[in-house]
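Here's the letter readout for the chains.
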Amino acid sequence: MKIATFNVNGIKTRLPNLLEWLAREQPDVACLQELKALDAAFPVDELREAGWRSLWKGQRSWNGVAILSRGGEPLEIRRELPGDAADEQSRYLEAAVDGVVVACLYLPNGNPQPGPKFDYKLAWFERLIAHARTLVESEHPVVLAGDFNVVPTDFDIYNPRSWKKDALLQPQSREAYARLLAQGWTDALRQLHPDEAVFTFWDYFRQHWQRNAGLRIDHLLLNRRLAPALREAGVDTWVRGKERASDHAPTWVRLEPAAIRA
DNA sequence: ATGGCATATCCTATATGA
C-alpha cells in the first residue's frame, strides 16, 4: 500500500501534472495541499474518470486539502483540527481509507517571523500536537501526512545559512516538530534514509531546482501501530522537473499490507 | 536587507507562499 502527500500549489493549474503523476506512480492514497480553490471548483469529475475517489475541503485563493483514493471510498472522520472553532482556514482533513486513518494536513508557513502569522503557526502546531496525542497510541494504523512547513534539522536543507531567519527553520518550529515526534511517531523518510539528504521542495528562485537546492518539509509520520509496516519511502522528484510544476514533489511511503492488518 | 518566481483574485495591483 502506497500513501503519498503532494502540495500541488493550485489544483486548477496543476491538474494535468497531478493526473500524470497519479497514472504513473499509482499511489493507493494521495493527500493534497494548497488546492487554492473553492469546494465547487474541485475537479471531482476529472479525478473520478481517472479512477480516483476524493474527499476535499477547499477555500478561495489559499490553503485547501484533499484525500484521494483508488481503492475504497475515503470515509471522513473530521474536517478540522480541534481546538479553535474560530479558525476558518482549510488545513486539515482526516479519513479512514482501506483500514488506515489518514490525516492530511497543511501546517501554516508562518512567515514573516516574528509576527501574527508565526504566532498562528505555533498555535496551530500546539493544536496538532494535542490531537496527535489521541492518535499515536491508537489501536488503528494512523499516518500524519502533509506539508508541515518545518525543516527538522540543518541536514534537511541544502544550506541553512540564507534561511536562518525563515519560519521553517526557527527553533520554536523545530522544537514543536521534535515534540510531536517524541510522542512516538516515526518520520518515515528519515527512518529509511538516515544518512541521505532528502528534499521535497525546491523554490522557484535562483534555479534552485536545477541546482538541487531543496528543503525537506513534506513528511509522513506513522504511529506505533503502523510503523512496523514501513517498507519503502521516497520522493517522486521527476514531477518537480516537469513543465509548470509545483514547487513541491510528491513524497510517499510503501507499507506491507499484511503488517497493516496484523 | 532585498529579491528572485508562481499563483489567485475585486487583475495597468496586491497578497501569499517558503
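A few points on the structure. (Residues numbered from 1 in each chain as written. Chains lettered and ligands numbered in written order. Predicted model: local features only at pLDDT ≥ 70, side-chain atom pairs only at ≥ 80, totals over all residues. Heavy atoms only, no water.)

**Some remarks on the layout of surface pockets**
Rules: A pocket, in this scheme, is an open set of points on a 1 Å grid over the protein atoms alone with protein on both sides within 12 Å along at least 5 of 7 lines, while a cavity is a set where a 1.4 Å probe fits but cannot get out; residues line either one if an atom lies within 4 Å of a point. Grid points are joined across faces, edges and corners, and a volume is the space filled by probe spheres set on the points. Any residue outside Ala, Val, Leu, Ile, Met, Phe, Trp, Tyr, Cys, Pro, Asp, Glu, Lys and Arg is labelled polar, Gly included; the first ten of those are nonpolar and the last four are charged.
The computed volume of the largest pocket comes to approximately 660 Å³. Residue composition of the lining of the largest pocket, by class: 10 nonpolar, nine polar and eight charged.

**Re the state of the cysteines**
Quick note on the threshold: Any two cysteine sulfur atoms lying within 2.5 Å of each other are counted as a disulfide. Buried residues are those whose accessible area, probed at 1.4 Å on protein chains only, stays under 20% of the maximum for their type, while exposed residues exceed 50% and partly exposed ones sit between those limits.
Taken as a whole and judged by the stated rule, the model has zero disulfides. Note on Cys31: no disulfide assigned, nearest cysteine sulfur contributed by Cys104 at a separation of 4.2 Å. A relative accessible area of 0% means that Cys104 is categorised as buried.

**Describing empty space enclosed by the protein**
Within the structure shown, the criterion is met by one cavity of 30 Å³ or more. Its volume calculated, the largest cavity comes out at about 50 Å³. Residue lining of the largest cavity: Lys57, Arg79, Glu80, Leu81, Asp87, Gln89, Arg91, Tyr92, Trp124 and Arg127, and that is the complete set. Considered class by class, the residues forming the lining of the largest cavity number three nonpolar, one polar and six charged.

**So, the nonpolar core**
Our working definition: Residues grouped as a nonpolar core are buried Ala, Val, Leu, Ile, Met, Phe, Trp, Tyr and Cys residues, joined through side-chain atoms within 4.5 Å. Numbering of helices and strands runs from the N terminus, with a helix taken as a DSSP run of H or I at least four residues long and a strand as a DSSP run of E at least two residues long. Two residues form a contact once any of their heavy atoms are found within 4.5 Å.
One finds Ile3, Ile67, Val143 and Leu255 to be the most contacted residues of the largest nonpolar core, which totals 33 residues. Ranked by the residues each element gives to this core, the list is headed by strand S7 (residues 100–106), at four residues. Non-local contacts of Leu255, meaning those with residues more than four positions away in its chain, are made with Met1, Ile3, Leu222, Leu226, Ala229, Leu230 and Ile260.

**Some words on the protein's contact with DNA strand B**
This is how the line gets drawn: Being near a molecule or strand, for a residue, means having at least one of its heavy atoms within 4 Å of it. Pairing of N or O atoms within 3.5 Å defines a polar contact, subject to two protein rules: one partner must be a possible hydrogen donor and the other a possible acceptor, and residues neighboring in sequence count only if both atoms are side-chain atoms.
Near DNA strand B there are 25 residues, and of these Glu34, Tyr106, Asn109, Phe205 and Arg206 occur at the shortest range. Here, DNA strand B places atoms within 4 Å of the protein, and 68% of those atoms are sugar or phosphate. Separating a phosphate oxygen of DNA strand B from a side-chain N or O atom of Asn7 is a distance of 3.4 Å. For DNA strand B, a phosphate oxygen lies 2.9 Å from a polar atom in the side chain of Tyr106. Ranked by the residues each element gives to the surface near DNA strand B, the list is headed by helix H1 (residues 11–25), at three residues. Residues of the surface near DNA strand B, tallied by class, amount to seven nonpolar, eight polar and 10 charged.

**Brief notes about unusual backbone geometry**
The linkage connecting Asn111 with the following residue, Pro112, adopts the cis geometry, with an omega of -5°. With respect to the secondary-structure elements, Pro112 resides in the loop between S7 and helix H3 (116–136). Look at the link from Gln113 to Pro114: it is a cis peptide, with omega at 0°. By secondary structure assignment, the location of Pro114 is in the loop between S7 and H3. A positive phi angle, close to 55°, is found at Asn9, a residue other than glycine. Inspection of the secondary structure puts Asn9 in the loop between strand S1 (2–7) and H1. For Lys36, which is not glycine, the phi torsion reads 50° and is therefore positive. Along the polypeptide, Lys36 turns up in the loop between strand S2 (29–33) and helix H2 (44–49).

**Remarks on the sheet that holds strand S9 (residues 186–187)**
Heads up, the rule is: Between any two strands, pairing holds if DSSP finds at least two bridges. Note on method: axes are straight lines fitted to C-alpha atoms, helices fitted across the in-contact stretch only, with angles between N-to-C directions ranging 0 to 180 degrees.
Across the sheet, which stays open at both edges, the six strands sit in the order S5-S6-S7-S8-S10-S9 with mixed pairing between neighbours. Looking along the sheet, the strands with just one partner apiece sit at the ends: strand S5 (75–78) and S9. In the sheet, strand S8 (residues 142–147) pairs with strand S10 (residues 218–222) via five bridges, with the strands oriented antiparallel. Counted as the bridge partner of Ala145 is Leu220 from S10. Taken strand by strand, H3 contacts S5, strand S6 (92–97), S7 and S8, and its axis lies near 20° from that of S6. Helix H4 (residues 171–181) contacts S8, S9 and S10 of the sheet and is inclined by roughly 25° relative to S10.

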